[in-house]
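Each chain, written out:
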Amino acid sequence: MRVLMRGNEAIAEAAIRAGCKCYFCYPITPQGELVEYMARHLPQQGGVFLQAESEVAAINMVYGASAAGVRTMTSSSSPGISLKMEGISYLAGSRLPAVIVNVMRGGPGLGNIAPAQGDYFQATKGGGHGDYRLIVLAPSTVQEAAELVMLAFDLSDHYRVPAMILADGMLGQMMEPVELPEPVDEGTILEKPWALTGAEGREPRVVLSFDLDPQGLKEMNLTLQRTYREIEAHEVRWEEVDTADAEILLVAYGTMGRIAKTVVRLARAEGIRAGLLRPISLWPFPYEPIRALAERIPVVLTVELSAGQMWEDVRLAVEGRAATPFYGELGGVVPTPKEILSEVKKHAR
Amino acid sequence: METGVIFAGFGGQGILLAGKVLARAGMDQGLEVTWLPSYGPEMRGGTANCTVILADEPVGSPIVDAPRALVALNGPSLDRFEPKVAPGGAVVVNSSLVPRPVRRKDVREIPVPVNDIARELGEPRTINMVALGAAVRALGILPLQAVIQAMVEELGERGRKRLVEVNREALARGYAEAGRFLA
């Protein structure tokens, strides 16, 4: 049955259905409904909802809950996510699974509460300190947001790498019909033989993000790097629209990805053979699929709600095989399909 | 086919709910829908708007360049959104509050004294449903009954019986009122 839900609410409900037992937060717009939904529904399902005294406290509570072996989540919006960065790096270093939701707003600094995509670098290239990666998934519809939250919990548990849902204010606030995923059978959630569950009757376990011995820390890092290579090999996700005969390829994700679908339709109605590649996993990034398309499509136009952050990855993928123009909006301004269409016309041969 | 509708007015006039009821009715009828609110730092008495799209295939952009209908519950909303309406589109104007007629000649003007009707019904808070009823008639995409059903579902959880009844009347009154201006 389809229900009409806000993106923020669908993310929260999906987390509960994924077996999230502990949710820690500090409120911020435009993801307030996510907090409200969790406050209302998680305790009813036997989970813990806790509004911490700060973002820093919330992410460290996530660390504690994850170390104890339960599925756990936090959510915030851009400046709040910045505050969580130290804790996120610790999660990554300690190989602790967790889901972090960033409903992006305009930045930098306090910015505003309008939709933006200026946190791409922070999400995909680190953000916190050290050589770590997050699995980053970028939904473009409310339905996809619900599905990717379920996936994020599974991937995070499987690889012991924290996963981030990178959404934006528009997706968080808008309502669409959703077919909610079935709740997971808790018996099927991966066992965590490393979790700190009380050492009575067994050898103690340790969860640490550091080793004072450089050789030891190097080994820990190599384990992380091996895991990242495995994720890159198996977890790249993307969607293609009308790429088969395209003469110009748009690359856009999240809210821009869905707007770009409208642009493709408008362009084709005017005889321009446009296509779209929409990255769903921003890390691992779909370098290979973009490279393959750039072999035969002469123009690859990146469209973002930023000054060109994903654009860098698109150019790494294309490596000179095609022209790589960019169109972006800043500060929470969202371009209309027609504005992007005129950009497409400029670059289509 | 995509049909965009913009609801706009003062915060507190219930335009977000009116849009949500329309979106829900569309969903119940098997359409693809989006509902996108303005969510700035707004308050009662400030301005608010939402955009609803009804479509027969998945909706791309939830932003509408040229809505097929505008519901303007106050003057500033008419000033702001009138220029955007698609040629041939409908403009439902709250003639109780908006002091001027629609300027454009290529749109269908549907003046409805929304506040007066709501007062006659004995429930001033139904202005949003009176306006929605008029918009439903102007759009001609969804049966009024589907919208009434969506309103009942929407208010069902929090609504008292009397509230549901008066909102049903409000939708019907708006629907009938708009009929006077449509062939």
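The rules behind the values
- Residues numbered from 1 in each chain as written.
- Chains lettered and ligands numbered in written order.
- Predicted model: local features only at pLDDT ≥ 70, side-chain atom pairs only at ≥ 80, totals over all residues.
- Heavy atoms only, no water.
- Core = buried A, V, L, I, M, F, W, Y, C linked by side-chain atoms within 4.5 Å.
- Buried < 20%, exposed > 50% of the residue type's maximum accessible area, 1.4 Å probe, protein only.
- Helix = DSSP H or I, 4+ residues; strand = E, 2+ residues; numbered from the N terminus.
- Domains from an automatic or database assignment.
- Contact = heavy atoms within 4.5 Å.
- Salt bridge = Lys/Arg side-chain N within 4 Å of Asp/Glu carboxyl O.
- Pairing = 2+ DSSP bridges.
- Axes fitted to C-alpha atoms, helices over the stretch in contact; angles between N-to-C directions.
- Left-handed = near helix turned anticlockwise from the far one by under 90°.
- Parallel < 35°, antiparallel > 145°, perpendicular 65-115°, else oblique.
- Nonpolar A, V, L, I, M, F, W, Y, C, P; charged D, E, K, R; others polar.
- Buried area = accessible area lost by both parts, 1.4 Å probe.
- Polar contact = N/O pair within 3.5 Å; in protein donor to acceptor, adjacent residues only side chain to side chain.

J.: Is there a simple way to explain the nonpolar core in this structure?
T.: Nonpolar side chains in soluble globular proteins tend to end up buried together. Residue and element names in this part refer to chain A. In terms of nonpolar packing, the biggest core is built from 118 residues, with M38, M73 and L250 touching the most fellow members. At 11 residues, helix α7 (residues 142–159) tops the list of elements feeding residues into this core. Split by domain, the residues of this core number at least three in each of domain 1 (2–198 + 221–234) and domain 2 (239–347). Leaving out residues up to four positions away in the same chain, M73 has contacts with I11, A15, C20, C22, Y23, F24, L34, M38, V62, V99, V101 and F153.

J.: What is the right way to read the pattern of salt bridges from this model?
T.: A side chain of one charge can pair with a side chain of the opposite charge when the charged atoms of the two come close. What the rule picks out here adds up to 36 salt bridges over all chains. Residue D242 of chain A is joined to R268 of chain A by a salt bridge in which the shortest nitrogen-to-oxygen separation is 3.6 Å. Of this pair, D242 of chain A sits in the loop between β9 (238–241) and β10 (248–251) while R268 of chain A sits in helix α10 (residues 254–269); the two residues are 26 residues apart in sequence, bridging distant segments of the chain. A residue is classified by how much of its surface remains accessible, and D242 of chain A, at 40% relative accessible area, is partly exposed. Of the residues examined, R268 of chain A reaches a relative accessible area of 26% and is grouped as partly exposed. R24 of chain B is paired through a salt bridge with E153 of chain B; the nearest N and O atoms lie 3.0 Å apart. Of this pair, R24 of chain B sits in helix α1 (residues 15–28) while E153 of chain B sits in helix α5 (residues 144–156), placing them 129 residues apart in sequence. For E153 of chain B, a relative accessible area of 27% gives the class partly exposed. Residues joined by salt bridges that share partners form a network here, namely R71, D154, D157 and K192 of chain A.

J.: Got a minute to help me understand the sheet that holds strand β11 (residues 274–279) of chain A in this structure?
T.: Each strand in a sheet pairs with another by means of backbone hydrogen bonds, the pair being arranged parallel or else antiparallel. Residues and elements named next belong to chain A. The five strands lie next to each other as β9-β11-β10-β13-β14, forming an open sheet whose pairing is mixed. Each edge of the open sheet carries a strand with a single partner, namely β9 and β14 (326–328). Each neighbouring strand pair of the sheet contributes to a mean axis angle of 20°, computed without reference to strand direction. Bridge count between β9 and β11: four bridges; the pairing is antiparallel. Considered in β11, the bridge of E240 is made with L277.

J.: Help me understand unusual backbone geometry, please; the structure alone is not making it clear to me.
T.: Generally, phi is negative for residues other than glycine and the peptide bonds are trans, each holding for most cases. Residue and element names in this part refer to chain A. Cis peptide bonds are those with omega within 30 degrees of zero, and the linkage from T29 to P30 qualifies with 10°. With omega at 0°, the peptide bond leading from W283 into P284 counts as cis. Relative to the helices and strands, P284 resides in the loop between β12 (281–283) and α11 (287–294). If you check the backbone angles, R160 has positive phi at about 55° while not being a glycine. Within the element layout of this structure, R160 appears in the loop between α7 and β7 (163–168). Residue R160 is classed as buried on the basis of its relative accessible area of 18%.

J.: It is not clear to me how the packing of α1 of chain B against α5 of chain B should be interpreted in this structure. Could you clarify?
T.: The axes of two packed helices give the description: the angle between them and the distance between them. Residue and element names in this part refer to chain B. In contact at an axis separation of 8 Å, α1 and α5 are set at 115° when each is read in the N-to-C sense. Handedness of the α1/α5 crossing: right-handed. On α5, the residues that touch L17, K20, V21, R24, A25 and D28 of α1 are A146, V147, A150, M151, E153, E154 and L155.

J.: Can you walk me through the packing of helix α4 (residues 127–139) of chain B against helix α6 (residues 161–179) of chain B in this structure?
T.: Residue and element names in this part refer to chain B. Between α4 and α6, whose axes approach to 6 Å, the crossing angle comes to 45°. Classed by the angle they form, the pair α4 and α6 counts as oblique. Taken as a pair, α4 and α6 cross one another with a handedness that is right-handed. Between α4 and α6, the residues in contact are N128, M129, V130, L132, G133, A134, V136 and R137 and N167, A170, L171, G174, Y175, A176, A178 and G179, respectively. Tallied by class, residues from the contact of α4 with α6 come to 10 nonpolar, five polar and one charged.

J.: Looking at this structure, how should I read the interface of chain B and chain A?
T.: Interfaces are often sized by the amount of accessible area the parts lose when they come together. Taken residue by residue, the interface counts 24 residues in chain B and 24 residues in chain A. Summed over both partners, the interface of chain B with chain A comes to about 1900 Å²; 63% of that surface belongs to carbon and sulfur atoms. There are three salt bridges connecting chain B and chain A. Linking chain B with chain A are nine residue pairs in polar contact (both at pLDDT 80 or more), by the criterion used here. Elements supplying a minimum of two residues to the side of chain B that touches chain A: α1 and β2 (32–37) of chain B. Here the side of chain B that touches chain A takes six residues from β2 of chain B, the largest share from any one element. Within the side of chain B that touches chain A, the residues separate by chemical class into 13 nonpolar, five polar and six charged.

J.: Which parts of the structure should I look at to understand the domain arrangement of chain A?
T.: Residues and elements named next belong to chain A. When its domains are assigned, chain A resolves into domain 1 (2–198 + 221–234) and domain 2 (239–347). Look at where the C-alpha atoms of domain 1 and domain 2 centre, and you get two points 27 Å apart. Contacts between the two partners involve 33 residues from domain 1, matched on the other side by 24 residues from domain 2. Surface buried jointly by domain 1 and domain 2 totals about 2400 Å² across both partners, of which 54% is contributed by carbon and sulfur atoms. It is Q117, Y120 and S140 in domain 1 that bury the most area against domain 2; as a group they hold 31% of the surface buried on that side. Across the contact surface, domain 1 and domain 2 share three salt bridges. One salt bridge connects D313 with K125, and the closest N-O pair in it is separated by 2.7 Å. On the surface where domain 1 and domain 2 come into contact, there are 16 residue pairs in polar contact (both at pLDDT 80 or more).

J.: Explain helix α1 (residues 7–17) of chain A here, please?
T.: For an α-helix, 3.6 residues make a turn, and residues three or four places apart therefore share a direction. Residue and element names in this part refer to chain A. In terms of burial, α1 is largely enclosed, as nine of its 11 residues are buried. When α1 is considered as a whole, its buried residues turn out to be G7, N8, A10, I11, A12, E13, A14, A15 and I16. G19, located one to two residues past α1, shows a positive phi value of around 95°.

J.: Looking at this model, I keep getting lost on the sheet that holds strand β6 (residues 135–137) of chain A. Mind explaining?
T.: All names here are of chain A. With mixed pairing, seven strands are arranged side by side in an open sheet as β3-β2-β4-β5-β7-β6-β12. The outermost strands of the open sheet, each flanked by one partner alone, are β3 (48–51) and β12. This sheet shows a mean twist of 20° between the axes of neighbouring strands, independent of strand direction. Both β6 and β7 contribute to a ladder of three bridges, which runs parallel. Note on β7: the bridge partner recorded for I135 is A163. Strand contacts of helix α2 (residues 32–41): β2 (22–25), β3, β4 (72–76) and β5 (99–104), with the helix running at about 140° to β2, the strand carrying the most contacts.

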